[in-house]
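Topology and contacts: notes
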Amino acid sequence: MKTGAVYIRVSTDEQTEFSPESQLKAIKKYAEEHEIILPDEFIFNDDGISGRKASCRPEFLKMISTAKLKPKPFDVILVWKFSRFARNREDSVVYKSMLRRDCRIDVISVSEQLSEDKSSVLMEAIIEAMDEYYSLNLAEEVKRGMNEKFSRGEIVSQAPFGYKAVNGKFVVDAENAEIVKMIYNYCLSGMGIRAIAKKVNDMGARTRRGNFFENRTIEYILTNPVYIGKLRRSINGRDITDRFHQSKDNTMTVNGTHIPIIDTDTFEQVQARIAENKKLYPRYSRQALIEYMLKGIVRCSACGATLTAQNYHGGMQCHQYAKGSCNISHFIMKDRLAQIIIEKIRSDFENYFFDVEINIESDADCENAVIMSSIVREEKKLKRIHEAYESGIDTLEEYRIRKHQIQKNIDNLKKQIKKTGIVMPKIKCKETVSESIKILENNESSETLKNEIIRSLTEKIIFVKPSGVIEIYYKI
């Protein structure tokens, strides 16, 4: 008796004849007639998912992963039709070949049963080609239908911020519509897009999906003609390279049937202002190959995001602040930040003054980590009381007493480490760090090499604003 797996897929709710229950019923009947056992754990169902791409079907991928187990968990995979397995011939050929060759598992359609002679290979290929043609043709028909519906001013998308979709029409959402008006007024008053995003977020407003407003969210609202009673659509489908529908060849705009939130005069003034700003501050294209010493290393103290280079003025800024999601600016000139970090590394290694990241893997590690952290804190105290003495805050006698007590604490802590047989980990020696600093300060050294050196020395670097403090956590 064979063991079988079941794969069921339904693309849309309208496909009632292909419902999961109908498919499973037909498959169970076939299995009973052919003495195939169908365990519940081997029934995989992708409901409401297109079969065009296997990578978008989680249950399908789970089934393929299960099939690769040793020993093989089942002998066959039963589907209602081959089109349920895949509508893409490439996926169908790849996965069926892999299952037969590597797992010795066949895929059987219970409603398109083939003979066992060689002509079945040809018939299966014809069925799969017809299924793929149907899928591609259906997509074209759906796109054509949506474009036709759109040309009549009917909605074919989700409601934008400021509207709700009710009975196939956009209806003004009074509360959010007021925010849209504020955004346009802020823009006309001279406020920048990032400043507008921060202002709206601080008010407690959120996007339709409950997220913070970002620069791109604000710009999309400011450039969307839906707010003056029009509808806009990409004729050939969504184009991720044309987020704001600036391509005239691929964009169609028609009059809608909904009530405008913004008057045409205000909208045109905003478009003119945005166009003027783009001339003054042109967008720089990303140059992924350009490296710099601090790339991906320094983090914002407010939100933890990475500080990234701002190409147009040679500075660095919190990535989330630049998008409008972080409230505290961490702007600093890139060269200045690099010099501060190099000087701090030099000073820390000369004085053995460290913040250390310790990875804990066991109870013993945890105990020793606590002891080592205590030693680090006591050594910091030594440095502080020395600075207090040199500044004239403490007398020589006060300095001696406090130094003696702290040194005694350090010695006791080190004895505890000695008792457990643990040796204090050593930080990279001064000589090695000294050579590294020479490379960091050499203008002829590559930025990539400098970046690798910083990463080899540190676990993380945090820039604290507004105090301007740099916190460096070193590797042991």
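Counting restarts for each chain, with residues numbered from 1 along the sequence as it is written. Since the coordinates come from a predicted model, pLDDT governs what is reported: local features require at least 70, and pairs of side-chain atoms require 80 or more to be given and counted, while whole-chain, interface and lining totals use all residues. Processing note: side-chain calculations cover all non-hydrogen atoms of the structure and skip hydrogens and water entirely.

This part is about the pairing of strand β1 (residues 2-10). When accessible area is computed with a 1.4 Å probe and restricted to protein chains, residues below 20% of their type maximum are described as buried, those above 50% as exposed, and intermediate ones as partly exposed. Helical segments are the DSSP runs of H or I of at least four residues, strand segments are the runs of E of at least two, and each set is numbered from the N terminus. When you tally the buried positions in β1, you get eight out of nine residues, the bulk of the element. Taken together, the two bridges between β1 and strand β2 (residues 36-37) define a ladder with parallel strand orientation. Each bridged residue has a counterpart across the sheet, and for T3 the counterpart in β2 is I37. Bridging between β1 and strand β4 (residues 76-79) involves three bridges; their strand directions are parallel. Note on β4: the bridge partner recorded for G4 is V76. Paired strands, as defined in this entry, are two strands with at least two bridges between them according to DSSP. Pairing of β1 with strand β3 (residues 43-47), which is carried by five bridges, proceeds in the parallel orientation.

Every α-helical turn comprises 3.6 residues, leaving residues that sit three or four positions apart pointing alike. With 15 residues, helix α6 (residues 174-188) extends 22 Å from end C-alpha to end C-alpha; this agrees with the ideal 21 Å at 1.5 Å per step. Among the residues making up α6, those that are buried are N176, A177, I179, V180, I183, Y184, Y186 and C187. Just past α6, the residue G190 takes up positive phi, approximately 105°. Helices are assigned an expected span. That span is 1.5 Å times one less than the residue count.

So, on to the pattern of salt bridges. In the sections that follow, a salt bridge refers to a side-chain nitrogen of Lys or Arg positioned within 4 Å of a carboxyl oxygen of Asp or Glu. Applying the stated criterion across every chain, the model contains 13 salt bridges. Note that E214 and R216 form a salt bridge whose closest N and O atoms lie 3.3 Å from each other. For E214, a relative accessible area of 14% corresponds to the buried category. Using a relative accessible area of 45% as the deciding quantity, one classes R216 as partly exposed. The shortest N-O distance in the salt bridge between E441 and R346 comes to 2.4 Å. Taken as a pair, E441 in helix α14 (residues 430-441) and R346 in helix α11 (residues 334-351) lie far apart in primary sequence, 95 residues in all.

Spatially, three strands are ordered β11-β12-β13 in an open sheet, and the strand pairing comes out antiparallel. Strand pairing shows two members of the sheet lacking a second neighbour, β11 (307-310) and β13 (332-333), which therefore form its edges. Relative to strand β12 (residues 315-318), β11 runs antiparallel, the two being bridged by four bridges. Along β12, the bridge assignment pairs L307 with C318.

What follows is about unusual backbone geometry. The omega torsion of the bond from K70 to P71 falls at -10°, within 30 degrees of zero and hence cis. Along the chain, P71 turns up in the loop between α2 (58-67) and β4. Unusually for a residue other than glycine, E35 sits at a positive phi of about 55°. Here E35 is to be found in the loop between α1 (20-33) and β2. Given the relative accessible area of 53%, E35 is considered exposed. For R104, which is not glycine, the phi dihedral falls at a positive 55°. Topologically, R104 is positioned in the loop between α4 (89-103) and β5 (106-109).

With respect to the secondary-structure elements, Q23 resides in helix α1. Expressed as a C-alpha distance, the spacing of Q23 and R84, which sit 61 residues apart in the sequence, is 9.7 Å.

To continue, consider the packing of aromatic side chains. Each aromatic ring pair is characterised by the separation of its centres together with the angle its planes make. Between the rings of Phe, Tyr and Trp (Trp by its six-membered ring), a pair exists once the centres lie within 6.5 Å; its type follows the angle of the planes, with under 30 degrees stacked, over 60 edge-to-face, and the other angles tilted. Using the criterion set out here, one finds nine aromatic pairs in the structure. Aromatic pair F42 and F74: ring centres 5.2 Å apart, planes at 70°, arrangement edge-to-face. Of this pair, F42 sits in the loop between β2 and β3 while F74 sits in the loop between α2 and β4, and the two are 32 residues apart along the sequence. Summarising the burial analysis for this pair, F42 and F74 share the class buried. Measuring from ring centre to ring centre gives 5.1 Å for F60 and Y95, while their planes differ by 90°; the resulting arrangement is edge-to-face. Of this pair, F60 sits in helix α2 while Y95 sits in helix α4, and the two are 35 residues apart along the sequence. Here the two residues F60 and Y95 agree in accessibility, since each one is buried. In this analysis the charged atom, NZ for Lys or CZ for Arg, is taken to sit over a ring once it is within 6 Å of the ring centre and within 35 degrees of the ring normal. Directly above the aromatic system of Y321 lies the positively charged group of R194, at a separation of 3.6 Å from the ring centroid. A cation sits over an aromatic face here: K334 above Y292, 4.8 Å from the ring centre.

A word on the side chain of H258. With respect to the helices and strands, H258 occurs in the loop between β9 (251-255) and α9 (264-280). Classification of H258 as buried rests on a relative accessible area of 8%. One polar contact links the side chain of H258 to the main-chain carbonyl oxygen of V226, over a distance of 2.8 Å. Leave out the neighbours within four places in its chain, and H258 touches Y163, F170, V226, G229, K230 and L231. Here a polar contact is taken to be a pair of N or O atoms separated by no more than 3.5 Å, where protein atoms must pair a possible hydrogen donor with a possible acceptor and residues adjacent in sequence count only if both atoms sit in side chains. Any pair of residues with heavy atoms lying within 4.5 Å of one another is described as a contacting pair.

The quantities given are spatial measurements derived from coordinates; they are silent on function.
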